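Structural features, examined
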Amino acid sequence: MKITYIESDGTPHTVDATIGWSIMENAVKNGVPGILAECGGSATCGTCRIYVEADWQGKMSPPHPDETTLLEYVEEERPDARLSCQVSMTESLNGLVVRMPERQYS
Amino acid sequence: MELELTTKRFEDVDYFTDRSLPDEPHSYFEFLRAQGPLTRLPLRGVVAVTGYNEGNAIFRNEERFSSYNAAYGPNPLPFTPEGEDITDQIESHRDGNMIFRMISTFDPPNHTRLRMLLRGLFSPKRLVENEKFMRRLADGLIDEFIANGTVEIVSQFALPFATLVIADLLGVPEEDHKLFRRIFSASGMRTGSLDGVPKQEDNPMPKIEGHFIGYIEDRRSNPRNDVLTDLANTRYPDGSLPPVKDVAALSAFLFAAGQEATVRVAAAMFHILAEDQALQARLREERSLIPNFAEETLRLESAVKSGFRLAKVRATIGDVEIEAGTPLMMCIAAMNRDPAKFEDPNAFKLDRKNARDHVAFGRGIHSCIGAPLARIELKVTVERMFDRIADIRIDDAKHGPVGNRTYRYAPSYIVRGLTELHLAFTPAS
Ligand code: HEM
Ligand code: FES
């Protein structure tokens, strides 16, 4: 099980992912920089944002309205943005590639 | 010579009782840092964590580090740790003492369940409403003292402000706000007091809990279109309805968790602004810098200067061996001044780019759920004071003249902050 996180400057970080952990947990517990996750996964901070291509989006559960509202609140404009704490790692996400914003807060 | 004396004294000092440290804790933390990012204190078997990266890794590893002692600090555990993994011992020693049964002390899965109950309170939609209330509240409190030309900002503004913001967050009807304001007084803020556990009759929590039992019972039988009704009917992720008492205890805990820290940070902000008139002038000109001003204050002043974790299993971090059952003191104030993370860490820099990387709100699953609310509180506080008051100065009559000021800080091993801050000012015309 692998996930690759790409920093805004293009630096990739590939981790051995744990199924059942969120995409956020898989990053912070493996020391990947670029995901701040201030609220620890409560969907209240918006500092765990990732950008996900359509193919991979299709393999993820769609965002809960709370997630969408929070993304709007923190003025995230990209339509491919997700909160990585709200997406669980599953078998079908093996090999997932996500990109991270330059900064998680303005 | 003087340096040697200080070092010697720090070696013998008991951080958890020493009365000289609260006024200037940072040199003690630097003494600890000089021994490494983790270091064992000579007393009580506590390992102190001062490194930013090391602390973050521990905060984010709830599998190995329990929050059982988050509120209990360095006190002797009610059991003798045995074996390789003390998870079962921890879980079988929670009954009875409330100090092991608060959200901040639970581990998953119980922690996860409780945290889910709170989530609805901190939604973006509610935050917008909370902010409107805050503006009204700030103005009302400023009205109370603006004619005087002086104010003691902790008791006359910050405490009632923080208290009633939490009341509003929880949907307490405004006609009851006076009551809530009266229950809390500045002398009642005693988190991590060096004087030991406060007397039961001084503890405002049972009173607050009592009120919430009333509210929750009422809203369960007479639902209305209000926040308390939502709170009363919030379910655990498995669909079950929590007992009234548990919801009431959780609500009351928000006052304990959210009040004192916010008050101390607000006081720190005004302390900085009043001592540095140039900074105040710049911030008045460039209001958009207020949020980063608040972040830098949070970083440098770290109102929650330390917190605790308990090693569930053996761990080696750096060259420090940690046995299962070892209490760790997470020195947030020191992590926030780690030179490996923050350049020129002891300086206050309004433009610091990574100010918000501080861990003043903790990290990981227990990180402050009230942080978004607190950030708005701090912003509204400064904005409304700037709007209504032309110049904010230290009241020399109370703190002494420039160069010879006296300030007192909370006698606590957890909280860092002024007990009183007297300001003098001219109202805006
Ligand atoms: C500037 C003000 C504040 C500071 C510096 C602060 C700091 C903290 C810190 C450091 C923690 C983590 C404790 C740990 O990991 O052991 C925490 C937890 C918590 N805070 Fe805050 N806090 C502030 C304001 C608030 C407010 C306004 C509220 C609520 C309205 C609040 C509610 C909580 C709660 C419920 C927890 C426990 C979360 C959990 O265990 O899951 N805090 N806070
Ligand atoms: S970690 Fe805070 S929103 Fe995801």
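Notes on the structure in this doc start here. (Residues numbered from 1 in each chain as written. Chains lettered and ligands numbered in written order. Predicted model: local features only at pLDDT ≥ 70, side-chain atom pairs only at ≥ 80, totals over all residues. Heavy atoms only, no water.)

Residue and element names in this part refer to chain B. Spatial strand order, S4-S10-S9: three strands in an open sheet with antiparallel pairing. Pairing within the sheet leaves two strands with one partner each, and these edge strands are strand S4 (150-152) and strand S9 (389-394). Strand-to-strand, the axes of this sheet are offset by a mean angle of 30°, without reference to chain direction. Examined bridge by bridge, S4 and strand S10 (residues 422-427) share three bridges and lie antiparallel to one another. Bridge pairing in S10 places Glu152 opposite His422. (Pairing = 2+ DSSP bridges. Helix = DSSP H or I, 4+ residues; strand = E, 2+ residues; numbered from the N terminus. Axes fitted to C-alpha atoms, helices over the stretch in contact; angles between N-to-C directions.)

Right, let's get into the site of ligand 1. Residues and elements named next belong to chain B. Inspection of the region around ligand 1 gives 28 residues, with His111, Arg115, Arg309, His366 and Cys368 positioned closest. One of the side-chain N or O atoms of Arg115 is found 2.8 Å from an oxygen atom in ligand 1. Measuring from an oxygen atom of ligand 1, one finds a side-chain N or O atom of Arg309 at 2.8 Å. Listed by contribution, the elements that provide at least two residues to the shell around ligand 1 are helix H5 (110-119), helix H7 (153-169), helix H11 (244-258), helix H12 (260-275) and helix H16 (371-388). Partitioning the shell around ligand 1 into residue classes produces 18 nonpolar, seven polar and three charged. (Near = heavy atom within 4 Å. Polar contact = N/O pair within 3.5 Å; in protein donor to acceptor, adjacent residues only side chain to side chain. Nonpolar A, V, L, I, M, F, W, Y, C, P; charged D, E, K, R; others polar.)

Of the residues lining the interface, 22 residues belong to chain B; the matching set on chain A comes to 22 residues. Here chain B and chain A share an interface that buries about 1700 Å² over both sides, 45% of which is from carbon and sulfur atoms. Contact with chain A buries surface across chain B, with Arg60, Arg119 and Arg356 of chain B losing the most and accounting together for 37% of the total. Linking chain B with chain A are five salt bridges, by the criterion used here. In this structure, the salt-bridge partner of Lys29 of chain A is Glu62 of chain B, at a minimum N-O distance of 2.8 Å. Our enumeration of links across chain B and chain A arrives at 13 residue pairs in polar contact (both at pLDDT 80 or more). For the side of chain B that touches chain A, the secondary-structure elements that each account for two or more residues are H5, helix H6 (124-145) and H16 of chain B. Split into classes, the residues belonging to the side of chain B that touches chain A amount to nine nonpolar, three polar and ten charged. (Contact = heavy atoms within 4.5 Å. Buried area = accessible area lost by both parts, 1.4 Å probe. Salt bridge = Lys/Arg side-chain N within 4 Å of Asp/Glu carboxyl O.)

Residue and element names in this part refer to chain B. The strand order across the open sheet built from five strands is S1-S2-S8-S5-S3, with neighbouring strands paired in mixed fashion. Across the chains shown, the open sheet's two edge strands, defined by having one partner strand only, are strand S1 (38-40) and strand S3 (65-66). Pairing of strand S5 (residues 307-311) with strand S8 (residues 327-330) involves four bridges; the strand directions are antiparallel. Looking at S8, one finds that Phe308 is bridged to Met329. Across the face of the sheet, helix H3 (residues 52-59) comes into contact with S1, strand S2 (47-49), S3, S5 and S8 while running at roughly 125° to S8.

Residue and element names in this part refer to chain B. The buried count for S5 comes to five of five residues, which makes it a mostly enclosed element. What you see with S5 is no split at all: Gly307, Arg309 and Ala311 on one side and Phe308 and Leu310 on the other are buried throughout. Note that S3 and S5 share two bridges and pair antiparallel. In the strand pairing of S5, Phe65 is matched with Ala311. (Buried < 20%, exposed > 50% of the residue type's maximum accessible area, 1.4 Å probe, protein only.)

Glancing now at unusual backbone geometry. Residues and elements named next belong to chain B. Cis geometry is found at the peptide bond from Pro108 to Pro109, where omega equals 5°. Mapped onto the fold, Pro109 is located in the loop between helix H4 (87-91) and H5. Even without glycine at this site, Ser302 takes up a positive phi of about 35°. Following the sequence through the fold, Ser302 ends up in the loop between helix H14 (290-301) and S5. Taking the relative accessible area as the measure of exposure, Ser302 reaches 1% and is therefore buried. Here Asp344, not a glycine, exhibits a phi torsion of approximately 45°, which is positive.

In this structure the tally under the stated criterion is 22 aromatic pairs over all chains. Aromatic side chains Tyr52 of chain B and Phe342 of chain B sit 5.7 Å apart centroid to centroid with 90° between the ring planes, which places their arrangement in the edge-to-face category. With Tyr52 of chain B in helix H3 and Phe342 of chain B in the loop between helix H15 (332-335) and H16, this residue pair connects regions lying 290 residues apart in the sequence. For the residue pair Tyr52 of chain B and Phe342 of chain B, the accessibility class agrees, reading buried in each case. With centroids separated by 5.4 Å and ring planes inclined at 75°, the aromatic side chains of Phe212 of chain B and Tyr215 of chain B adopt a geometry described as edge-to-face. Here Phe212 of chain B pairs with Tyr215 of chain B, and both are found in helix H9 (residues 205-221), just three residues apart, close to one helical turn. Here Phe212 of chain B matches Tyr215 of chain B in class, with each residue buried. Chaining the aromatic ring pairs together yields one cluster made of Phe10, Tyr15, Phe16, Tyr28, Phe29, Phe31, Phe308 and Tyr413 of chain B. Its end group placed over the ring of Trp21 of chain A, Lys29 of chain A keeps NZ or CZ at 4.9 Å from the ring centre. Seen from the ring of Tyr51 of chain A, Arg78 of chain A lies directly overhead, with NZ or CZ sitting 3.8 Å from the centre. (Phe/Tyr/Trp six-rings, centres within 6.5 Å; stacked < 30°, edge-to-face > 60°. Lys NZ or Arg CZ within 6 Å of the ring centre and 35° of its normal.)

Just distances and angles here, no functional claims.
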